[in-house]
Structure formats: C-alpha cells, structure tokens
Amino acid sequence: MSFPEHLIIGGEKVKPASGATFETINPADESVICKVPEAGESEVDQAIDSAREAFDDGRWSDLPPAKRGRVLRKLAGLVRTHNAELARLETLDVGKTDFDAAKIEIPTVANILDYYAGFTDKLTGDTLPSEAGVLRMTLRQPIGVVGAITPWNFPLLLATWKFAPALAMGNSLVHKPAKVSSLSALRFGELALEAGIPAGVLNIVPGAGSVVGDRIVTHPSVNKISFTGSTSVGIGIQKKAADTLKRVTLELGGKSPNIIFEDADLKAAVRGAMTGIFYNKGEVCAAGSRLLVQRSIYNEVCAAVAEQAAKFVPSAPVPGDPRSARMGPVASKAQFDSVLNLIQAGKDEGANCLTGGSAHDNGTGKGYFIQPTVFNDVDNAMRIAQEEIFGPVLCIIPFEDEAEAVAIANDCSYGLAAAVWTQDVARALRVVRRVDAGTVWVNAYNLYDPSLPFGGFKASGYGRDLGEAALAGYTESKSVWINLG
Ligand code: NAD
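A brief structural summary.

With 5 of its 5 residues buried, strand 18 (residues 417–421) lies for the most part within the structure. Burial along strand 18 is two-sided: the face carrying Ala417, Ala419 and Trp421 and the face carrying Ala418 and Val420 are both buried. Note that strand 12 (residues 257–260) and strand 18 share 3 bridges and pair parallel. Counted as the bridge partner of Ile259 is Val420 from strand 18. Pairing of strand 18 with strand 19 (residues 439–442) involves 4 bridges; the strand directions are parallel.

Inspection of the region around the ligand gives 26 residues, with Thr150, Lys176, Ser230, Leu252 and Glu388 positioned closest. Trp152 places a side-chain nitrogen or oxygen 2.9 Å from an oxygen atom of the ligand. Here an oxygen atom of the ligand sits 2.5 Å away from a polar atom, N or O, in the side chain of Glu388. The protein chains hide 85% of the 850 Å² of surface that the ligand would expose on its own. Every element with two or more residues in the shell around the ligand is listed here: helix 7 (209–218), strand 10 (224–228) and helix 8 (231–242). Here the residues of the shell around the ligand are counted per class, giving 14 nonpolar, 8 polar and 4 charged. Counting only domains with at least three residues in the shell around the ligand, you end up with domain 1 (7–252 + 461–482) and domain 2 (257–450).

This brings us to the packing of helix 5 (residues 155–168) against helix 6 (residues 183–195). The geometry of helix 5 relative to helix 6 is characterised by a closest axis approach of 8 Å and an angle of 50° between their N-to-C directions. Taken together, the axes of helix 5 and helix 6 lie oblique to each other. Crossing hand, helix 5 versus helix 6: right-handed. Contact with helix 5, carried on its side by Pro155, Leu156 and Phe163, involves Ser184, Ala185 and Phe188 of helix 6 and no other residues of that element. Grouping the constituent residues of the contact of helix 5 with helix 6 by class yields 5 nonpolar, 1 polar and no charged.

This part is about the pattern of salt bridges. Where charged atoms from two side chains of opposite charge approach closely, those side chains can pair. Summed over the entire model, instances satisfying the criterion amount to 23 salt bridges. As a salt-bridge pair, Arg247 and Glu476 come within 2.7 Å of each other at their nearest N and O atoms. With Arg247 in strand 11 (residues 247–251) and Glu476 in strand 22 (residues 475–483), the pair connects residues that are 229 residues apart, well separated along the chain. Residue classification places Arg247 among the partly exposed positions, given a relative accessible area of 40%.

What counts and what doesn't
- Residues numbered from 1 in each chain as written.
- Predicted model: local features only at pLDDT ≥ 70, side-chain atom pairs only at ≥ 80, totals over all residues.
- Heavy atoms only, no water.
- Buried < 20%, exposed > 50% of the residue type's maximum accessible area, 1.4 Å probe, protein only.
- Helix = DSSP H or I, 4+ residues; strand = E, 2+ residues; numbered from the N terminus.
- Pairing = 2+ DSSP bridges.
- Near = heavy atom within 4 Å.
- Polar contact = N/O pair within 3.5 Å; in protein donor to acceptor, adjacent residues only side chain to side chain.
- Areas by Shrake-Rupley, 256 points an atom, 1.4 Å probe, with all protein chains shown as cover.
- Nonpolar A, V, L, I, M, F, W, Y, C, P; charged D, E, K, R; others polar.
- Domains from an automatic or database assignment.
- Axes fitted to C-alpha atoms, helices over the stretch in contact; angles between N-to-C directions.
- Parallel < 35°, antiparallel > 145°, perpendicular 65-115°, else oblique.
- Left-handed = near helix turned anticlockwise from the far one by under 90°.
- Contact = heavy atoms within 4.5 Å.
- Salt bridge = Lys/Arg side-chain N within 4 Å of Asp/Glu carboxyl O.

All we've got here are geometric facts, nothing functional implied.
Right, here's the structure in full:
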C-alpha cells in the first residue's frame, strides 16, 4: 500500500524543509498507518504566497468560466476513478465503514464537484433599473485567497464543501486538514493537479492547528477563512481573523433535537433515531443526539431504541468490504477518552443508562471502540444534553406537548439541525418554523444534497456550505456605475 508523502505547494509535491512528519494512527487497531509530512510556518507561507501569485496573475480566476467547469468535472471523474483508494484512506485514517466511505462519502465528493462545476458559467450579477444616461450593475468576483480549515469526521467531504464552490468562483486555496485525517486531502491535491487545476491554486498543508491553522488565520495575504470544526476553535479563529478583517464563515458544533410526536410512524422514527446518532459513530456535527419523545409513547420508543441500538456492535472496518462493520471505532484516542468521560458524566448526573455505557472490547484489546450508548430520563440541563459528545451516545428526553418540545429543542446554545416525526403536516410546519436550526428534516434524518444549503444558527456558526448559498461566501459583490454621457 502506498500513502501520500508530500505536501502540495505551488503545484509541486514537496517535502517539508525540516523533514518533519507525524504518525497517523488506525483507530481500529492503534497501528501506525504511515508518517505524514508536516508543514511548519515556512511551508504555510510558501503555500499562501503561491496561492496569492496564482490568484493575482489570473491563471485560474481569469479563465473562461466554462473552462474552469470542465476542469472541475474532470476532477470529479478522477475522484470516481480513485473511489476505492480514497475510501480506503478514510477507512484507515478515521475508522469509517467501507460502506460509508466508498458508497457515500467519496461519491458525494464527486457529485459536489460536478454540482459546482455547473455554476462556473451561470452565476451572474444584476443589471439594475437605471435612468437615462446611466447604467448600474453588479459584478460577482472571487474573493482571492481562501484558507480552508477542516475537521476529521468527514475528511475529504467537508474539505470539498469548501474546495468546490471556492474553485468554481475562481479563488485560490490553502487547505489545512485535521491532523488525524490528512491522507485523503493530500491524495486529492495530487488528483487536482492531474485534472488541470493550475499550480498554486490548491495547496494542501497538514499540520498542527496552533501552527499551520494559526498562520493561515493571521496571514495578511489570506482574504477569507472557511472553517468547519468545534465552536471553541471557531470563536478563537473569528477573533484572530478580525485583525486583518478577513471574511469568515464558521460551520461549528451541534446538539440537535430529533423530535418524535405520538402520531409518528414509530418504526420509521426509531430507524431515524438510529441513523441520527449511530451513522458515522455519532461523529456527525448534525447528529440527532437529543431524542425528544412525547410522554404517551415514551416507554415504547425507549424500549425500541434500546433494542435497535444494541445491534450496532462496533467492529473493525475492512477497506473494500462493505459488510465488514456496521459501526467502526471512534476516530482517535483523544475522541475515545472524551466520549467516555462524557458517558461517565451522564452516569454521575443520574441519567439512566439504558444500553451500552462503556468501551467495547472486540477481543484484541486494541482499537477505540465504544458501545452504542443510550441514556433515558435525561434532563435537558444535564451536561450530556448540552455538550456535544460527538460519539455514539444518545440522550432521550420526554416532553408533554408541542410547546414543550420546541422549548426543550431551543434550550441549547447550538442550532445546527433538527428533525420532527409526525403525520400532521401543520404540526410539522409549525415546528419547522419555530425550531432554532439551520436544517430541519421532516420524517427523515441525516439527509444531504449538494443543492441544499447547510449551516448553523446560534453557536453552530454562520454562513452556509452547499447550494447556491455557499457561493456568496466565495465572492465579493462589486457595484458599477457607468455614465453614458
Ligand atoms: P477542531 O475545532 O478541534 O479542529 C478543526 C480544525 O481546526 C482542525 O483542522 C484543527 O487542526 C484546526 N485548528 C485547531 N486549533 C486551531 C487554531 N488555533 N487555529 C486554526 N486552526 C485550528 O474540531 P475537530 O475535533 O477536528 O472536529 C469536530 C468538530 O467539528 C465538532 O465540534 C463538530 O461538530 C464540528 N463539525 C461541524 C460541522 C458543520 O458543518 N457545522 C461539520 C463537521 C464537524
């Protein structure tokens, strides 16, 4: 097996001048997958200078828009051709099941590239109503150099949420993937060069947040930061980026309510609760981690959820074998410790642990496996109901009526996603309107489409990824006034 060994800077595959590397660990067996080249400040500066030069000389931004689209479509094709290889990197690096990586994440990367390729020659400004002798109009122009900083839960997918719209609009990028999951981005950077993305337009520099990330955020030549990650890091980024007045969009954490009313199709709702929390081992920003259940069906739903949850026995995913695991290990030792700490906090606070509640030993004594865990009789004020656990841990909270369901749903600092399960259309639409969330599903959970904007209310951040809405984050509007004499 070969693994990426180079940073991507200025169109070249380069090794860090210092020779620095860091080990990346397979969370399924704790083995070292490989050593990853680690950027330091000088590599970040080179990457930013390359991106700046590429933007300023127009080698990408000044191309005929349709040509940019053709390159992005070619890149989408290369991603499809290399689906198995990219999926394998994700499975090894972060414990994603083969099904999630090969059938969902990587194909979606290609679909998003195709989607934004279509916008290169379609996003227009406006020609405005003007009196005689004047023409007023607006132009949409790329922002310049974009710093993309992304997390480890959907490594290449969330990076593509930034790359595709930014590139489609003609920007250049410097990308810092999360340290635990840098491999797929480095390989993607190689494929981007092969597809014809010009030198310097897409630079990939893995390394520490406090070094590489910080340099990107503070460097005066970077015009915009597009960040996905935790709320605490996002707040720090916003503060630091203010010194150079960078444009900032933040996709942050969540603690999303999944609300089941008594008239719901309960079989579907329980299935949705499972998808909501155990898909990708709960390492999903929009995970339905608070299950709000109407009191009249509470016992029935708790029993069904506990029974179904116990079936998500974690095991080691095997690249190329979609049936090898239904749920993999959490992505890293740090995440393993953090999830187990919060499970313990739930027990200490008096929530009832219905099923799971500890690490899972798969017989090898190795790997960051956590039992699918369900707490019920959770009070919404408890830490496990307020803090993002980002693991396979569900909190079930009872409610009496619609007003109380909405009140509990909104009694949380986050506002990323929500779902409502009911057969009453009017009730569904009332809840959709009242709940504080950037995405609301009705009788569904965890469904995404390239055309549907995604982002947060409140502490879940601002700005939108995906959809036409994302393009606003990668363009400036220029107003033009022309005197016609
Ligand atoms: P994190 O905030 O720890 O790290 C995110 C990225 O920021 C990483 O690349 C990290 O190295 C970098 N970073 C860390 N410190 C930095 C600093 N001082 N300056 C610049 N960059 C820095 O988050 P994580 O643990 O990688 O990911 C999990 C979090 O991401 C969760 O909170 C989850 O909800 C959130 N997330 C949000 C979305 C969304 O779309 N809203 C999607 C996925 C994940």
